[in-house]
Amino acid sequence: MTDPNAVDVVRRLYAAIADRDPDAAATCFAEDAVWVLPGTSAIAGTHRGWAAIRDGFLAKLGPLSGGTFRAQLLDVCRGETYVVAVQHATAAHDGRNLDITACQLMRMEGGRIVEVRSHYSDQAALDAFWQE
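> Which residues make up the nonpolar core, and what values go with them?
If you look at the biggest cluster of nonpolar residues, it comprises 41 residues, and the most contacted ones within it are Leu13, Phe29, Phe69, Ile113 and Trp130. Of all the elements, helix α1 (residues 6-18) adds the most residues to this core, at 8 residues.

Below, the structure is given as structure tokens:
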């Protein structure tokens, strides 16, 4: 079973994202963590290592959304190998609107996130919103 503190790590990550606090978010990840975001948008791709996750993904959320991006953590489920974070994400900027749910499939090791694979309720809407 995953570490019992894994749920707390996920909650801390979402709080850090809400607070736009990359230093707090960094404490949730292994240095060599990988975050895979599907699609064709400016945030899509396989982000390898904390610096790539921070700079290639998280740091873009504010500027590309005009500071309107919000990810509300709805639920966290801990299983044998993975933790699943269910979120509701919203943003509105430059005439574009985002209102989707997502599941972030997270693998933990040593009390840190080592892998995230994102799954969205409407991939086309996500890609359309996050264009540069």
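Further notes follow.
> Before we move on, can you summarise helix α3 (residues 50-65) with the specific residues and values?
Look at α3: 22 Å from first C-alpha to last across 16 residues, which is about the 22 Å you get at 1.5 Å a residue. Of all bends in α3, the biggest is about 30 degrees, found at Ala59, and the proline Pro63 comes one to four residues later. If you check which residues of α3 are buried, you get Trp50, Ile53, Gly56, Phe57, Leu58, Leu61, Gly62, Leu64 and Ser65. Looking one or two places after α3, you find Gly66, whose phi comes out positive at around 60 degrees.

> Tell me about the side chain of Ser41, residues and numbers included.
With respect to the secondary-structure elements, Ser41 resides in the loop between β1 (29-37) and β2 (45-48). Under the relative-accessibility criterion, Ser41 is labelled buried at 8%. The residues contacting Ser41, other than those within four sequence positions of it, are Leu126, Asp127, Trp130 and Gln131.

Conventions adopted
- Residue numbers run consecutively from 1 along every chain, following the written order of its sequence.
- A pLDDT threshold of at least 70 governs which residues receive local features in this predicted model, and a stricter bar of 80 or more applies before side-chain atom pairs are shown or counted, although totals over entire chains, interfaces and linings include all residues.
- Side-chain descriptors were evaluated using all non-hydrogen atoms of the structure, hydrogens and water having been removed beforehand.
- Residues belong to one nonpolar core when they are buried, are Ala, Val, Leu, Ile, Met, Phe, Trp, Tyr or Cys, and are joined through side-chain atoms within 4.5 Å.
- Exposure categories follow from relative accessible area, calculated using a 1.4 Å probe and restricted to protein chains: below 20% of the type maximum is buried, above 50% is exposed, and the middle band is partly exposed.
- Helix and strand assignments follow DSSP, with helices taken as H or I runs no shorter than four residues and strands as E runs no shorter than two, numbered in order from the N terminus.
- Take the number of residues in a helix, subtract one, and multiply by 1.5 Å to get its expected span.
- One axis is fitted to the seven residues ending at the residue and one to the seven starting there. The bend at that residue is the angle between these axes.
- Only heavy atoms enter the contact rule, under which two residues are in contact if any of them lie within 4.5 Å.

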